[in-house]
Amino acid sequence: MSVIISDEILQASRLTPSEFRQEIALHLFQTGRLTLGYASQLAEMSPNTFRQLLKQRHIPLYSYDVEDFELDLKNLRELGRL
């Protein structure tokens, strides 16, 4: 599938086509909609370069929330390690 972004929208964003792709990829990665691999492909960057971009933007590579923590605690209790 191809997505066409009009020149008008691109100009309004004040981004180059490359920057526009990167911004979309960053957003989709940050919201959990794309994996690192797919986001780096969308951004047309190597995974390592995309990781560096994430670091520059202070976007965590991994998301670990309260639900994950609670699940870890439950599993540790079931294993008798807590």
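Above this note sits the structure.
We now turn to the structure provided with this report. Source: prediction; values computed, not measured. Every chain begins its residue count from 1, and numbering advances along the sequence as written. Given that this is a predicted model, residues contribute local features only at a pLDDT of at least 70 and side-chain atom pairs are listed and counted only at 80 or more, while totals for whole chains, interfaces and linings are drawn from all residues. Calculation of side-chain values draws on the structure's entire complement of heavy atoms; hydrogens and water are dropped beforehand.

1. Examining the side chain of Gln-22
Under the DSSP-based scheme used, a helix requires at least four consecutive residues in state H or I and a strand at least two consecutive residues in state E, with every element numbered from the N terminus. With respect to the helices and strands, the residue Gln-22 is situated in helix 2 (residues 17-30). Relative accessibility decides the category of a residue: with a 1.4 Å probe and only protein chains considered, values under 20% of the type maximum give buried, values over 50% give exposed, and everything between is partly exposed. By relative accessible area, which is 16% here, Gln-22 ends up buried. With residues near it in sequence (within four places) discarded, Gln-22 still touches Ala-43, Met-45 and Leu-53. By the convention used here, residues are in contact when the closest approach between their heavy atoms is within 4.5 Å.

2. Observations concerning a nonpolar patch on the surface
Together, Met-1, Val-3, Ile-5 and Ile-9 make up an exposed nonpolar region whose accessible area comes to about 480 Å². Position of Ile-5 among the secondary structure elements: in the segment before helix 1 (7-13). Since its relative accessible area comes to 34%, Ile-5 is described here as partly exposed. Like-charged residues are merged into a patch within 9 Å and nonpolar side chains (Val, Leu, Ile, Met, Phe, Trp, Tyr) within 5 Å, provided each residue has over 30% relative accessible area and no salt bridge. Every accessible area reported is derived by Shrake-Rupley at a probe size of 1.4 Å, with residue values counting cover from the shown protein chains alone. Salt bridges are identified by distance alone: a Lys or Arg side-chain nitrogen within 4 Å of an Asp or Glu carboxyl oxygen.

3. Here we look at the packing of aromatic side chains
Any two of the Phe, Tyr and Trp rings considered here, Trp counted by its six-membered ring, make a pair once their centres fall within 6.5 Å; the pair's planes then place it as stacked at under 30 degrees, edge-to-face at over 60, or tilted in between. In total, this model carries one aromatic pair according to the counting rule given. With a centroid separation of 6.1 Å and an interplanar angle of 85 degrees, the aromatic rings of Phe-29 and Phe-50 are classed as edge-to-face. Within this pair, whereas Phe-29 is found in helix 2, its partner Phe-50 is found in helix 4 (residues 47-56), the two being separated by 21 residues in sequence. Since its relative accessible area comes to 11%, Phe-29 is described here as buried.

4. Side note on unusual backbone geometry
Despite not being glycine, Arg-14 shows a phi value in the positive range, around 60 degrees. Mapped onto the fold, Arg-14 is located in the loop between helix 1 and helix 2. Arg-14 gets classed as exposed once you look at its relative accessible area, which sits at 76%.

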